[in-house]
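Listed below, chain by chain, are the residues.
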Amino acid sequence: MTETADELSTPLGQKTERQKRRFRLPFTAVQALAMLLGLFLVAFLTVALFNDNPLGGEPVAHVALRGPAGDDKQPAASSHTEQAAKSPIQQAPAGDNKGDSKTVTIIDGSSGKRQDVVIGSDAADKSGSDSGPATAMAGIDQRLLENSRYGMIPAVADGLKPFTVYAADADRSKAAKMPVVAIVIGGLGVGAAKTTDAIMKLPPAVTLAFTPYGADPAKLAERARAQRHEILLQVPMEPFDYPDNDPGPQTLLTTLTSEQNIDRLYWHLSRFQGYAGIANFMGARFTATDTVMQPIIREAAKRGLGYLDDGSSPRSAAPSLTAAQSMPFAKADFTIDAVPTSAEIDRTLVKLETLAKERGLAVGVASALPVSIERIAAWIKTLEARGIMLVPLTTAMLKSKSG
């Protein structure tokens, strides 16, 4: 056995430093971790840069469909993949049994927040009382309904249109002879308290616009109609800063095909019934893009609805597109509570009043903030004495169309 000089001179029981270094790894644990992180970042950037996904950034929705007792034995749908391609929120086609209900559980992909949305349901509401399905809402003309895979949506039948049938009563001959103002309160349906305040504290001539979200928008919409308010459906559309500013599930997007956007429109249209028209909810980018906006306007016009442009986008294509379809239309002149203070709301209401006297017609939109409802309600009480008539939006649309 051959030994080196170092080994011979080393005390018994001890190893040399050279022997210890013989078993060391070529890199440290910190260096190994840095290498793994670098590989992960390279893979992430590759997917982000080269993956062509038109829905990139949109919240992912995982859906659980829960039917009435006994549905557990029904076979699962075989076309799940095809249906997923059409819409990020899955919904089974409406069955022949009108008593069936489906609950869609929406899970926000970024926050994990869950929200149950009942579609075509006669399930009990949160208070425990029974509420009928949207198709059984009081005053709904069954002839003006058409079945879709999401439920009932508006239709034209026997020469009747939802715009005409669901317009609120007004003295239109009087409105034609004097300055008129229309007020639309939007963002309703999410938050029962603020929705109820708008319904009960504002006069029937104020038009109420409901978003498609909320636990039971159909019941709140029915309550508004019971108080003689006419109602609108607000359709979420893509804003310029989407997805950082996200209107909600099933938003109409410029990156989707017209068929996909119309499918999403049907989802919104099915949430409740009895509305005279639709309005944009956000949507500065979408409404300014003629190619994606045109099919939506054409579809809404075909279904006998009016259209309200909230005035937030000066580049909106809605005025010309609705005119081409001979569709009832109005554009908001002012957002009354853009600055939600009593003083600023009062100033904007004065501007609205002045415009009505100059032009004969003015339209204002607002949200259901307590201060907004309070100031608008007080202002409305003074209108008649100043020679201005408060009218529902449909009356203002007809007056504008007649010139």
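Please read all numbers here as calculations on a predicted model, not as lab measurements.

(A) Looking closely at the confidence of the model for the protein. The pLDDT averaged across the protein works out to 81; a share of 69% of its residues lies at or above 70. For the stretch residues 60-102, pLDDT sits under 50, and the model shows 73 contacts to residues farther than four places along the chain or on other chains. Contacts from residues 118-135, a stretch scored under 50 in pLDDT, to residues over four places away or in other chains number 39 contacts.

(B) The arrangement of the packing of aromatic side chains in detail. The final tally for this structure, using the stated rule, is 4 aromatic pairs. Look at Tyr213 and Trp267: their rings are 6.4 Å apart centre to centre, the planes differ by 40 degrees, and that puts the pair in the tilted class. In this pair, Tyr213 is assigned in the loop between strand E7 (207-210) and helix H8 (217-226) and Trp267 in helix H9 (residues 258-269), connecting sequence segments 54 residues apart. Between Phe272 and Tyr275, the aromatic rings sit 5.4 Å apart at their centres with planes inclined by 80 degrees, giving edge-to-face as the arrangement. Given a relative accessible area of 0%, Phe272 falls into the buried group. Looking at Tyr275, the relative accessible area reads 1%, which means it is buried. An aromatic cluster is present here, built from Phe210, Phe272 and Tyr275 joined pairwise through their rings.

(C) Looking closely at the nonpolar core. Of all hydrophobic cores here, the largest spans 63 residues; its most connected members are Ile183, Ile185, Leu208, Leu269, Tyr307 and Ile376. Ala182, Leu361, Val363 and Leu393 belong to the second largest nonpolar core, which has 20 residues in total.

(D) Examining the packing of H9 against helix H11 (residues 290-302) more closely. Interhelical geometry of H9 versus H11 gives an angle of 45 degrees and a closest axis separation of 9 Å. Judged on the interaxial angle alone, H11 and H9 are oblique. As for how H9 packs across H11, the hand of that crossing is right-handed. On H11, the residues that touch Ser258, Asn261, Ile262, Leu265 and Tyr266 of H9 are Pro295, Ile296 and Glu299.

(E) Representation of the environment of Leu233. Following the sequence through the fold, Leu233 ends up in strand E8 (residues 231-237). Counting along the chain gives 43 residues from Leu233 to Ala276, while the straight-line C-alpha distance between them is 8.3 Å. Here Leu233 is in contact with Phe210, Pro212, His268, Leu269, Phe272, Tyr275, Gly277, Ile278 and Ala279, once residues within four sequence places are set aside.

So, how was this worked out
Within any chain, residue numbers begin from 1 and follow the written order of that chain's sequence. Per-residue local features of the predicted model are confined to residues with pLDDT of at least 70, and side-chain atom pairs are confined, for both listing and counting, to 80 or more; whole-chain, interface and lining totals are unaffected and use all residues. Calculation of side-chain values draws on the structure's entire complement of heavy atoms; hydrogens and water are dropped beforehand. Confidence scores labelled pLDDT are given residue by residue by the predictor and lie between 0 and 100. Two residues qualify as a contact provided that any one of their heavy atoms is within 4.5 Å of a heavy atom in the partner residue. Within 6.5 Å between ring centres, the rings of Phe, Tyr and Trp (the latter by its six-membered ring) count as paired, and their orientation is classed by plane angle as stacked under 30 degrees, edge-to-face over 60, tilted in between. A run of DSSP states H or I qualifies as a helix once it reaches four residues; a run of E qualifies as a strand once it reaches two. Both are numbered from the N-terminal end. For the exposure calls, accessible area comes from a 1.4 Å probe over protein chains only, and a residue counts as buried if that area is under 20% of its type's maximum, exposed if over 50%, partly exposed in between. Buried Ala, Val, Leu, Ile, Met, Phe, Trp, Tyr and Cys residues form a nonpolar core when they are joined through side-chain atoms within 4.5 Å. Angles here are taken between N-to-C directions and fall from 0 to 180 degrees, while the axes themselves are lines fitted to C-alpha atoms, restricted in helices to the stretch in contact. When describing relative orientation, an angle under 35 degrees is termed roughly parallel and one over 145 degrees roughly antiparallel, while 65 to 115 degrees is termed roughly perpendicular and anything else oblique. Handedness of a crossing follows from how the near helix is turned relative to the far one, being left-handed for an anticlockwise turn of less than a right angle and right-handed for a clockwise one.

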